[in-house]
Structure formats: C-alpha cells, structure tokens
Amino acid sequence: MFAQRNKNQTKLDRITAAARAEIDRWIAKYPPERKSSAVMAALRIVQDQNGGHLSHELIEAVAEYLDMETIAVYEVATFYSMYELAPVGKYKICVCTNISCMLCGSDQIVQHLEAKLGIKLGQTRRDGKFTLKEVECLGACVNAPMLQIGNDYYEKLTPASIDKILAGLK
Amino acid sequence: MTDLLNIEINGVRLQVKPGTMVIEAADDAGFVIPRFCYHKKLSIAANCRMCLVDVEKAAKPVPACATPVTEGMKVYTKSVKAIEAQKSVMEFLLINHPLDCPICDQGGECELQDIAMGFGKDASRFRETKRVVREKYLGPLISTDMTRCIHCTRCVRFGREIAGVMELGAPGRGEHMAIETYMESAVGSELSGNVIDLCPVGALTSKPYRYTGRPWENTAATAISPHDCVGSNLKVEVRRNQVMRVLPHENEAINEVWLADRDRYSYTGLHTADRLQQPMIKQGETWREVDWETALTYASEGMRRVIASHGAAQLGALSNPNATLEEFYLLQKLVRGLGSHNIDHRLRQLDFSDQAHAPVYPHLGQSIAALEELQAGLLIGAYPRKDQPLINHRLRKAAKRGAKISAVNTIDYDVNFTLTNTVVTHPFDMPLHLAAIAKVLAEQTGKTPPAAVQTLLAAAKVEELHRQIATQLTQAERSTVLIGTQALAQPNLAVLRNLANVIADLSNSSLGYLPEGANAAGAWLAGAVPHRTTAGRTVPAAGKSALQMLDTSCKALVLWNVEPEYDCADPATAMTALQAAEFVVALTPFVTDTMRGYADVILPISPFAETSGTFVNVEGRWQSFTASVKSLAESRPGWKVLRVLGNFFKLDGFEYLSSEEVRSEIDTLTVGIIPQTRSEVQAPSNTPQRPSLLRIGHVPIYAVDNLVRRAQPLQQSNDALQAMVAMNAHTADKLGVRHATQVRVSQAGQSVTLPLYIEASVADDCAVIPAGVVGSERLGTGYGSIDVKAV
C-alpha cells in the first residue's frame, strides 16, 4: 500500500521547458502508447541540457516523463556509449578501437592521444577541457582509424592529423 | 486434425501445433535440450544460445527456444553439428563463470553444473582474467553472487512479466553488463523469492538458507501452504528432522511453478526461542511444566468446573483460520459434545448479522485457473496482491490479456496491474458506490433488483465511474465479483455482501470470496462456526460468534493457535475478556508473556510442517498432507490432543487412530455439498454510525498469523509494515496534525503514540493503523472510531 510513497515526489521539474518541448517533438513521432520509443532522444536532450552528462535525477525525470520504469531508462543510459553518467570535459574525444580501426592502427592513435593530453582512456583532464573515451564501431570503417568529437567525425587519422585537430580545439 | 504440423526430432515423427517452438515440441516428446535462458513460464529471450540444435537444410545451428516448427522440419538435437555448437556455447558461458562450486549454495542443483558435466571441457582454454561483479543488496530474502551470473535474464523477465515490477534490470553492455536493481533498492515484490528458483546458477540464492545445507542431504516432503486460501503446493526440504527450506511444488491448477515469499520463508519462524516444548499449568501465580496426562486432567477439570457452575453456554472456543479441517472438526465436536455452540474461526470479523444467509463455505465462485480467463472483474474491499499473492497473479494475467478489472476499496492500493476504474472511499460509503453500480446495472439490463435493496439503490448517486464499471461487467462474457479479505472484516459486511450479490445477479457475473487464512473453507465445512455444524447444517440455537464470546466474556475459553492481541478484531476487548475469564486453555506452538498472563493451561500443539491434516482451499479443493518432521519435544499434532481431550471428557466418537480417519468421517458428512456462493438478498439491518475519524485496521501481509510474525527474514522486508498512522492530507488538516511526525492515538480507553504518515492513497476521514503488528496490539476494533491528536 505504501510502496507508492516514493513515486509521489515528481522529478519532472529537472527537465527545462525548452528540453521538454524538444522531447515532445520526438514523442509525437511515435504512437501515443509507445512513448518510450523517445527514450534515446530524451536522454540525449537532457544530457545536452545538463552540460554533457546525465544525473540520476535526470534519468528518473525521463522515466517519469515517458511513463517508464527507472531501471529501463538506466539500462539504455548505460548501454550506449554516447551517454555519460559522470561529468566529462569540454571536448569528449571518442576513439574507435574496434576491429577495423584496430587493424588500421588505432593503438598508435590512442597512444599518441594519451601522450599528448596526459590522460589515459576513460579519464578527464584536470582542467576539464578533454575527456578521452574508447568507443566501439561508429560505422566509419572505410576511413579507419577514426574518432568523434561532439557531432563531428575525424577520419584516416595519423599522429600529425591529430595534432592539427587538437590545435583547433580552443 | 489437419492443423497439426508433421515434424521429426532425432528421427521420431511428431505432430505438433503450429506456433510451437522446437524446444517445446522436444520437451513434450522427452528429448532433452540443454538450456539456460528459456523457461516455459517466461517470454523467449534466446540470449544464452545453449539450446542450439541442428535443423535439416538450415545453414547454421538454430536456437530451439526461438525457432517455430514448420511442416516437414527435421531436427537433430544430438548430431555432431548440434553437439559441437552446444559445446562451443558452453565454453563461452564458462569463460567468466568462477570455479567456486565447492562454496556455492547452488552446488548439486545447478543447471550450469549439470550441463557443464555433459557439454563442458575438463579444462579451460581461457587464460585471461575472469570478470568480477560486485554483490548487490536485494533485501533480506535473496543473496547475490553476481560474478556467477551468466546473463540469462530470467530474473529480469520474471520481474517484468510475472511480478509486475521492474525491479531488476541489466544495465551495461557486453562484458560490463550486470544484473542490478536501480540504485540498489531492495526487491519488494511479494513473489520475489521465485527468482531463486529461476536462476540457473548460484547468482541468486536464498539468504536464510545460505550455507546451511546441500540439496542431496535433504529429503523433500510435499505440503500445503498454511497462510492463504490459495493452498499453494510446497516441497518442504528436511534434514535430520529439521525443516531446511521450502520450495514450490508444481501444480498448474493452483500455484503453477510459483510461490509467494510468505509461503517460502515462513518456516524460518518455526524454531524461535518461544516455541513451547512442554505442557504448562498455572498453579497460584507460578507456571509449572507438566506431562500431558497432568495437563489434560487439569484442563478438563477446569472446563468441567466452569460448565458445572455456570452452564455449558459459558464455554467458548476460538480458533485461527489456519487450523486443519480435522482440527476444526474435532474442536467443534468437543465443544458441541460439551453442550455449547460457541465456536468460531472468524476472529477478525465484526459483522455477523447475516451469517444465517452465508453460503455453506466461502468459495471463489470459480477455479483459481479460471480467473485468468476473466474479461471483467470487480474487487470489493480486496487487496489480493498482498493478501493472496497467487490469486492476484491470475488476475494480473487476465488484465494483461485485456480484462477490465475495477476495484472499490478504502485505500488506493499499490496494485501491479492496471485497474480500469478505482473507487477509493470511506468504508461506510462503499455501499453507496456498490448501490450506484447496481442501479446502473438495473437500468442497463431492465431487471428488477430485489426489493430488499430498493432504498439503498434509490439513495445512490450514479457517476460516470459507476456506469463504466457496470458496463464492463455486463459486456464481458466471463466476469466476476470478488469480496475481499478486508470487506469480510468491515463492520458493514452484510450490506456489502448483499450488494455484491445484487451486482453479480444483475450483471450475470460469478460471485467469489477471498477469505482470510488457509482454511476458512474447511472451517465452515467442519462446523467451526456458532450457527452451523458440520456440512453447513443449521443448529437450533446459534452459539456466540467470536466477537460475542469476547464481548460477553465467556467464563471458560479455549484458544486454538490464537494470539488475541494480534489475531482478533478487537484486541482491547479480547484481552479484557481473557483476564475476566475463569479458565483459559491455550493450545499453541508458541508461548508469550501475554499468554502466561491470562491462561491457566498452555498446551503445545504442532505448527505447520509438524502435523498432518487437510486444508480446503478457496476453490473447494481438499488437499491433505502429512507431517514433514516429527513434532518438537513434547508438542503434539492438534488432532491428537483433541482426540485425547475428548476421551478425558468421556465423549463418544473420539476413538480415531489417524487424521485420515477424521477426514473420512468429515468426508462422509459433507458428501454432495455444492459450493454455492450466492445468498438470498436481505435488507441490511445494521448501519454503523459514522465516526469523525474511522480506523482502517489493515492487516499487513507479514502480520497474518503467529508463524509469519516470527519469520525474521519476512519481518525485515519492505512489506512488513510497522505500527503507524496513515491518513491523507485533507484528513490531517481537519485534525490539525498535518505537520506532526508523531501522534497520540486513542481507542477503547487505550492510547499509544505512533508515527504519522501523510498518504494520498487513504480515503477521507479514515486513518490506517495496521492490526496484527507490535504497537497497535492494545487498541480496539480494526474498524472503529479513533481519536488522533498531535503530541
């Protein structure tokens, strides 16, 4: 009877009005009883709203907004590598180390990035500027090795091209 | 039979229904295919790949659990290709599985261990480090060793599909995937223990049973659950005359393969420090342990003395509703043999005004399995999720198939399926809502409702909600009206029962009861009610009901497995009556200080697992069981004690040599009884006065009887409610206690201070104060006027 106690507290106010409007646009794409289909978009939107990472409150808010169980939203948030559950740097450098990139020398790319940034895979630099992250295949195998920063792909990487990319990040 | 498909498994020709999966066809035909994720009661996941089989013309091995049969299909489960595929999967599954079988509780009953014997290699080729997963806290009932998990996701699917709660999930991906609850909230389903049976490895095991035994040391005896009217079939595992654990015994018609946590873990209450081992008598102010001969002589003389000086009408017997059919029968035979009809098992009932019209025994009105096929239902004062978890499971299945189930309750209960309509109302307003539904039904069907309820119907105000509920019932081909455990305890039961009958009649629905305890049906059949003897035969002058025996203080009282402060409708009155009684005989497996205070003789009777007998479940099924273990010390099965007590009184017909003999006598007497749930509609005689604040004495799931109350693991779980006061904000405002955390509750001249919770789920002008729990045991009736003040 009293298991409902925790549910009474709404967490919806954690999502800004602007973010909510954007989520609604995604919800409208699906049948009304399939609201949960918008979960990936909703998580991306609230992550952007929150400066690049998801908090437990936001995951709970998304669950509430989409009528889903929190654990189901949490499963999605932990499955995909584009969601972050802890704060990340201003620039999140996602390096693919999957098979095609590995065969084309992603080990050397990772080594170079680690030396240049002074952090290991999975770490964020103290100044909060860079996060280095290992990801699985991003579907750009034709131009391996590759990495992703923000919404951009950088392909056919060499140590020299990496230096140029990093120099361009202010 | 043209719609059957012809297939061949391992060269054997079979005919199977289209849509059948290969694994089901193989299981039915007796071909063993190894599997982990597949379970016949859960959805298909096909993620473990262990059931790969060879299908002719298929390029690659296919998972038998997710491959439907097709005409002319030829399946080979033992071909070189199939075995190779199965062995390869096994090797993958064992990569990360620890080799800790010697310290794993699952050892000896582990599906992974068994299948590894058949398909595993003797040594691993994996040289890298195995993954390690942190343990999770899943509450007091389930132990976790998540490193052993092979990600079959049976537990996750169980939560979503059966328990109706998504407590477990599988966050992470690939190597990092792990079974977890969100933020480690303890699992709170009343069916949670079933994940232990489902888990094919030792990742989820029973916490109370942990490290206490090996499955091959245990012998299993079958038994019947003593806690609710479902009558779940149990396997009681025993070692050296001790109950080690309780598991479900599959019975598709009753509990399927499931078991409620209450039935699974209540055995942990069997061996508490307060188990009574020896008969005791009170001489002066001191208690003395004596032998049975002395105790029974003392008991019979005491009762004789009261009968001689005050008459037999001053003798009363109260039994809890979990006694066996044989015990009920012998107890009423003894009491009636001594000249009294004062016997009752309806300890929590307050309204007996229409008992003469009650059906022969409270029946579900259909079989338990038939509940799944319902298209509509109306629950009246019922919370089957916690009161009869496996009834709720069937209703949930019906709801998932589209059944429109609605409820009229006093609390907006946390139900794990969607109720189409819910009326949350004051207990005394429930009749108005039911009358409104009946009024719509009368309009819709053009039938005339019985004259007895015309005034009620005329006074009812019809709202859209009532219209919808009525329409749901009439539109459904198979519909039911269920009177719940709470309705049976309400002081206006008679009017509820009458209106339920009217609604069922008008809407052509079945009518069913969800009585409290394991054997209310058996109690009525055996005659453990004051107005009817065995098989429902009316007695010339009804004896006193449970409430009357205590209200008017019978001079001699026999308590059968009763702790009145927790089990009776009105603990305050009960305690006063017991103090005032001249002679009290308590028959019980457990002795408490309170009991030593009021009793004169305390006789140790055998609890669950130590006695033989019969329970009649809510669908009228007689299920007999034998003792799984010998009775502890000097305690004895209840039927034997009653049989000998009968001899002490020199009564005729107490010469039984076994409980089976008692059963066959009852069997003969009850031949031809048809469970009929309808009763003649009467004009309601009593309308209780509406107080300014009414208590709702909700009995929490783990407070229902003395065994469950002693089961520590259950008492530590989320469902074990403590004594407290819960009311909605509106009511709290009226009383001026909105911001109080503690309140002073006064009822029947007793006062206690309890924590206050503001709960939107409670009806106006009501306060939920649980009964059967420590802290509320001195208060008065479960549904009476109370006074609440801030402290």
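A closer look at the interface of chain B and chain A
Across the contact, 26 residues belong to chain B and 20 residues belong to chain A. Together, the buried faces of chain B and chain A total about 1,900 Å²; carbon and sulfur atoms form 61% of this surface. Looking only at chain B, the three residues that lose the most surface to chain A are Met-166, Arg-173 and Tyr-182 of chain B, adding up to 37% of its buried area. At the junction of chain B and chain A, the tally comes to 1 salt bridge. One can count 4 residue pairs in polar contact (both at pLDDT 80 or more) joining chain B with chain A. Elements with a minimum of two residues in the side of chain B that touches chain A: strand E7 (168–169) and strand E8 (180–181) of chain B.

Comments concerning the pairing of strand E12 (residues 242–248) of chain B
Residues and elements named next belong to chain B. In terms of burial, E12 is largely enclosed, as 6 of its 7 residues are buried. In terms of strand pairing, strand E11 (residues 233–239) meets E12 through 6 bridges, oriented antiparallel. The partner of Glu-237 across the bridge, within E12, is Arg-245. From the end of E11 to the start of E12, which pair antiparallel, there are 2 residues, and Arg-240 there has a positive phi angle of about 45°.

What to know about helix H10 (residues 389–400) of chain B
All names here are of chain B. When the terminal C-alpha atoms of H10 are compared, their 16 Å separation across 12 residues agrees well with the 16 Å that a helix rising 1.5 Å per residue should span. Of all 12 residues in H10, 10 are buried, a share of seventy percent or more. Those residues of H10 not exposed but buried are Pro-389, Leu-390, Ile-391, Asn-392, His-393, Arg-394, Leu-395, Arg-396, Ala-398 and Ala-399. Elements in contact with the buried residues of H10: helix H4 (154–163), helix H6 (261–265), strand E17 (376–380), helix H9 (384–387), strand E18 (404–409) and strand E20 (479–483). Gly-402 lies just past H10 and shows a positive phi near 110°.

Side note on the packing of helix H8 (residues 325–337) of chain B against helix H22 (residues 659–669) of chain B
Residues and elements named next belong to chain B. With their axes 9 Å apart at the nearest point, H8 and H22 run at an angle of 75° to one another. Classed by the angle they form, the pair H8 and H22 counts as roughly perpendicular. Residues Leu-325, Glu-326, Tyr-329, Leu-330 and Lys-333 of H8 form the contact with H22, whose participating residues are Ser-659, Val-662, Arg-663, Glu-665, Ile-666 and Leu-669.

Quick word on the environment of Thr-78 of chain A
Summarising the element assignment, Thr-78 of chain A is placed in helix H4 (residues 70–79). Here Thr-78 of chain A is in contact with Leu-85 of chain A together with Pro-171 and Gly-172 of chain B, once residues within four sequence places are set aside. Side-chain polar atoms of Thr-78 of chain A contact the backbone nitrogen of Gly-172 of chain B, separated by 2.8 Å.

Description of the nonpolar core
Residue and element names in this part refer to chain B. Grouped together as the largest cluster of nonpolar side chains are 74 residues, with contacts concentrated most on Phe-36, Met-50, Phe-158, Ile-391 and Leu-395. Sorting the residues of this core by element identifies helix H2 (80–95), helix H3 (111–119), H4, helix H5 (194–198), H10 and E18 as the ones contributing at least two each. Residue contacts for Ile-391: discarding those within four places in its chain leaves Val-230, Leu-364, Ile-368, Leu-371, Pro-384, Leu-514 and Val-618. One finds Ile-281, Val-290, Leu-315 and Tyr-656 within the second-largest nonpolar core, a separate group that totals 52 residues.

Quick look at helix H1 (residues 17–27) of chain A
All names here are of chain A. Within the span of H1, buried status applies to Ala-19, Ile-23 and Ile-27. End-on view of H1: buried residues confined to an arc of 85°, all on one side of the axis. Turned more than 90 degrees off the buried face of H1, the exposed positions are Ala-17 and Ala-18. At its buried positions, H1 is contacted by helix H2 (39–49) and helix H3 (56–65).

Observations concerning the sheet that holds strand E10 (residues 219–224) of chain B
All names here are of chain B. The 3 strands lie next to each other as E10-E11-E12, forming an open sheet whose pairing is antiparallel. Taken across any chain shown, the strands that pair with only one partner, and hence form the sheet edges, are E10 and E12. The mean inter-strand angle of the sheet, taken between neighbouring strand axes irrespective of direction, is 30°.

What about unusual backbone geometry?
Cis geometry is adopted by the peptide bond preceding Pro-145 of chain A, which originates at Ala-144 of chain A and carries an omega value of -5°. Mapped onto the elements of the fold, Pro-145 of chain A is located in the loop between strand E2 (130–135) and strand E3 (147–149). Despite not being glycine, Asn-241 of chain B shows a phi value in the positive range, around 55°. Within the secondary structure layout, Asn-241 of chain B lies in the loop between E11 and E12.

Some details on the domain arrangement of chain A
Considered domain by domain, chain A is made up of domain 1 (11–79) and domain 2 (91–167). Look at where the C-alpha atoms of domain 1 of chain A and domain 2 of chain A centre, and you get two points 28 Å apart.

Notes on the pairing of strand E1 (residues 5–9) of chain B
Residue and element names in this part refer to chain B. Most of E1 sits out of view: 4 of its 5 residues are buried. Sheet topology note: the E1/strand E2 (residues 12–16) ladder contains 5 bridges and is antiparallel. When the bridges of E2 are listed, Leu-5 appears paired with Val-16. With antiparallel pairing between neighbouring strands as the criterion, E1 and E2 make up a hairpin whose turn holds 2 residues, including Asn-10 at a positive phi of roughly 50°. The pairing of E1 with strand E5 (residues 74–76) spans 2 bridges and is classified as parallel. Residue pairing for E5: Glu-8 is matched across the bridge by Lys-74.

Brief notes about a nonpolar patch on the surface
Nonpolar side chains collect at one region of the surface, where Ile-99, Met-102 and Leu-103 of chain A lie side by side and expose about 330 Å² of accessible area between them. Along the polypeptide, Leu-103 of chain A turns up in helix H5 (residues 99–103).

Some remarks on the sheet that holds strand E24 (residues 556–560) of chain B
All names here are of chain B. With mixed pairing, the 7 strands of this open sheet are ordered in space as E14-E13-E26-E25-E24-E15-E16. Both outer strands of the open sheet, strand E14 (286–289) and strand E16 (343–344), are each paired with one neighbouring strand and no more. Where E24 lies against strand E25 (residues 583–588), 5 bridges are found, and the strand directions are parallel. Residue Leu-557 lies in a different strand from E25, and its bridge partner there is Val-584. H8 rests against strand E15 (315–319), E16 and E24 of the sheet, and its axis sits at about 170° to E15.

Topic: the side chain of Gln-486 of chain B
All names here are of chain B. Locating Gln-486 in the fold gives a position in helix H14 (residues 485–489). Given a relative accessible area of 8%, Gln-486 falls into the buried group. A polar contact of 3.0 Å, which involves the side chain of Gln-486, links it to the side chain of Gln-490. Gln-486 has contacts with Gly-381, Thr-410, Tyr-413, Ile-696 and Tyr-783, leaving out every residue within four places of it along the chain.

Procedures and definitions
- Residues numbered from 1 in each chain as written.
- Chains lettered and ligands numbered in written order.
- Predicted model: local features only at pLDDT ≥ 70, side-chain atom pairs only at ≥ 80, totals over all residues.
- Heavy atoms only, no water.
- Contact = heavy atoms within 4.5 Å.
- Buried area = accessible area lost by both parts, 1.4 Å probe.
- Salt bridge = Lys/Arg side-chain N within 4 Å of Asp/Glu carboxyl O.
- Polar contact = N/O pair within 3.5 Å; in protein donor to acceptor, adjacent residues only side chain to side chain.
- Helix = DSSP H or I, 4+ residues; strand = E, 2+ residues; numbered from the N terminus.
- Buried < 20%, exposed > 50% of the residue type's maximum accessible area, 1.4 Å probe, protein only.
- Pairing = 2+ DSSP bridges.
- Expected span 1.5 Å × (residues − 1).
- Axes fitted to C-alpha atoms, helices over the stretch in contact; angles between N-to-C directions.
- Parallel < 35°, antiparallel > 145°, perpendicular 65-115°, else oblique.
- Core = buried A, V, L, I, M, F, W, Y, C linked by side-chain atoms within 4.5 Å.
- Arc of directions from axis to C-beta.
- Domains from an automatic or database assignment.
- Patch = residues over 30% accessible without salt bridge, like charges linked within 9 Å, V, L, I, M, F, W, Y side chains within 5 Å.
- Areas by Shrake-Rupley, 256 points an atom, 1.4 Å probe, with all protein chains shown as cover.

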